[in-house]
Amino acid sequence: MKKNAFARNYSDDNNSKANFDHIYALNDPREYYRVLYGLDYVIPDLARSAFRGVIRSLEALRGHPLKILDIGCSFGINAALLKYPLNMERLAARYRDLDLCKLTSDELIDFDRLYFSSWPKERVSVVGLDTSEGAIAYARSVGLIEDGIVANLETMDLTREQAGMLEDVDLIISTGAVGYVGPPTFSKVLAAIKGHRPWVASFVLRMFDHGALESLYEDFGLRTEKLKGVTFVQRRFHTQAECLSVLGKLAQRDIPTEGKEADGLYHAEFFLSRPEQDIPCLDLEELASVTSGANLRFGRRFRVLQDSSVRYGN
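Since the model is a prediction, treat every value here as computed from it, not as a measurement. (Residues numbered from 1 in each chain as written. Predicted model: local features only at pLDDT ≥ 70, side-chain atom pairs only at ≥ 80, totals over all residues. Heavy atoms only, no water.)

## Digging into the nonpolar core
(1) Moving on: One finds Phe116, Leu171, Ile172, Phe186 and Phe270 to be the most contacted residues of the largest nonpolar core, which totals 102 residues.
(2) Moving on: The element best represented in this core is helix H4 (residues 43–62), accounting for eight residues.
(3) Moving on: With residues near it in sequence (within four places) discarded, Ile172 still touches Leu69, Ile71, Phe186, Val189, Leu190, Ile193, Pro198, Trp199, Val200 and Ala201. (Core = buried A, V, L, I, M, F, W, Y, C linked by side-chain atoms within 4.5 Å. Buried < 20%, exposed > 50% of the residue type's maximum accessible area, 1.4 Å probe, protein only. Helix = DSSP H or I, 4+ residues; strand = E, 2+ residues; numbered from the N terminus. Contact = heavy atoms within 4.5 Å.)

## A few points about the layout of surface pockets
(1) Moving on: When its volume is computed, the largest pocket comes out at roughly 860 Å³.
(2) Moving on: Every residue lining the largest pocket is counted, 35 residues in all, and those nearest its centre are Asp21, Tyr24, Asp130, Gly176 and Tyr180.
(3) Moving on: Of all the secondary-structure elements, those providing two or more residues to the lining of the largest pocket are helix H2 (21–24), helix H3 (30–36), strand S1 (67–71), helix H5 (77–83), strand S2 (125–130) and strand S7 (232–236).
(4) Moving on: Among the residues forming the lining of the largest pocket, the class breakdown is 16 nonpolar, 13 polar and six charged. (1 Å grid on protein atoms, 1.4 Å probe; cavity = no way out; pocket = protein on both sides within 12 Å on 5 of 7 lines; lining within 4 Å. Points joined across faces, edges and corners; volume = space filled by probe spheres on them. Nonpolar A, V, L, I, M, F, W, Y, C, P; charged D, E, K, R; others polar.)

## Examining the packing of aromatic side chains
Two aromatic rings are characterised by how far apart their centres lie and by the angle between their planes.
(1) Moving on: In this structure the tally under the stated criterion is 15 aromatic pairs.
(2) Moving on: Aromatic pair Phe75 and Tyr138: ring centres 5.9 Å apart, planes at 75°, arrangement edge-to-face. With Phe75 in the loop between S1 and H5 and Tyr138 in helix H8 (residues 133–141), the pair connects residues that are 63 residues apart, well separated along the chain. Judged on exposure class, the residue Phe75 and its partner Tyr138 are both buried.
(3) Moving on: Their ring planes at 80° and their centres at 6.1 Å tell us that Tyr115 and Trp119 sit as a pair that is edge-to-face.
(4) Moving on: With a relative accessible area of 21%, Trp119 lands in the partly exposed category.
(5) Moving on: Ring pairing ties together the aromatic residues Tyr24, Tyr32, Tyr33, Tyr41, Phe75, Tyr95 and Tyr138, which thus form one cluster.
(6) Moving on: One cation-aromatic arrangement involves Arg94 over Tyr95; the distance from NZ or CZ to the ring centre is 5.6 Å.
(7) Moving on: We note Arg94 situated over the ring of Tyr115; from NZ or CZ to the ring centre the distance is 3.7 Å. (Phe/Tyr/Trp six-rings, centres within 6.5 Å; stacked < 30°, edge-to-face > 60°. Lys NZ or Arg CZ within 6 Å of the ring centre and 35° of its normal.)

## Quick word on the pattern of salt bridges
(1) Moving on: Tallied over the entire structure, the rule returns 15 salt bridges.
(2) Moving on: The shortest N-O distance in the salt bridge between Arg30 and Asp28 comes to 2.8 Å. Across the pair, exposure class does not vary: Arg30 and Asp28 are buried alike.
(3) Moving on: Ionic pairing is found between Asp168 and Lys67, a salt bridge with its closest N-O pair at 2.8 Å. Remark: Lys67 occurs in strand S1 and Asp168 occurs in the loop between helix H9 (160–166) and strand S4 (171–174); sequence separation between them is 101 residues. (Salt bridge = Lys/Arg side-chain N within 4 Å of Asp/Glu carboxyl O.)

## Regarding unusual backbone geometry
(1) Moving on: With phi around 50°, Ser74 is a residue other than glycine that occupies positive phi space.
(2) Moving on: With a relative accessible area of 6%, Ser74 lands in the buried category.
(3) Moving on: Despite not being glycine, Asp254 has its phi angle at roughly 55°, a positive value.
(4) Moving on: Position of Asp254 among the secondary structure elements: in the loop between helix H12 (240–252) and strand S8 (265–274).
(5) Moving on: You can call Asp254 exposed: its relative accessible area is 69%.

## Observations concerning empty space enclosed by the protein
Picture a little ball the size of a water molecule; that probe, rolled over the atoms, points out where space is still empty.
(1) Moving on: Applying the stated criterion across every chain yields a total of one cavity of 30 Å³ or more.
(2) Moving on: Here the largest cavity is characterised by a volume of approximately 30 Å³.
(3) Moving on: Forming the boundary of the largest cavity are Pro29, Tyr33, Phe75, Gly76, Ile77, Ala80, Tyr95, Phe116, Tyr138 and Leu144.
(4) Moving on: Classifying every residue of the lining of the largest cavity gives nine nonpolar, one polar and no charged.

## A look at the environment of Arg160
(1) Moving on: Tracing the sequence through the fold places Arg160 in helix H9.
(2) Moving on: Its relative accessible area of 80% is what places Arg160 among the exposed residues.

## Considerations on the environment of Asp130
(1) Moving on: Within the secondary structure layout, Asp130 lies in strand S2.
(2) Moving on: If sequence neighbours within four positions are ignored, Asp130 has contacts with Gly72, Cys73, Ser74, Ile136, Ile149, Val150 and Ala151.
(3) Moving on: Only 3.4 Å separates the side chain of Asp130 from the backbone nitrogen of Cys73, close enough to count as a polar contact. (Polar contact = N/O pair within 3.5 Å; in protein donor to acceptor, adjacent residues only side chain to side chain.)

And the structure:
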């Protein structure tokens, strides 16, 4: 697939999704948790166990604590869950309570810096990549990420300083970036990593085709595997229009939605790309064996009935 076609197709698919750009333009994550956790946004929690399994295997292979790049890191949510014994529910409750205190963003950042530093921490280093200057500044200020890159690599190149931050990255992760970013971003990131080939662990919504990225990874000496028979819930659909649009996109790709998106929930798949010789270090099927997240308690959502009508309810 040509890059311009890839970008056009992803743009078309993203038009199906609700737009929450405003929450990423803020200087702290209170609105992020209010809006997204209000839609049962659980993918960071579900991704954590898979990421930790990957991290353990890659640490054993490399023999040192890992340096991780989180593409589309926003406010450092993945870093918080990987570094500390926290989950989305606990963090969402914290910011819901703090919202009543009428703290300024600067006051909240000071408070959060103390909060996160009070927890025992896993030995990983995280670099965040995002287009939101405010989100990167927050995540770095409170210690969730060690370095941050504010850039749209779909249209921009890395600066020399930014490329230097990536030279020794061991693992690239993403839980929702693919679909907003594609080969232009990943090719620049992979080209900046020197001396070794990293692993790439991505959760990708089923409405997006991962094929172009797999071809790119092959060019960098990485073989891609998909965790078969397992999907991971991302969140509920925000509106009926979003629900129907996504179902239409999946129908175009002949992807069955019964028991998944037709039940009102976005579903993602897990892909792991790594050098051929590293594959014996981790059997991908050991990471999960069931639909992850489908049995959690969710709020009212859109469901497709047998007559193809859409019902909103529990």
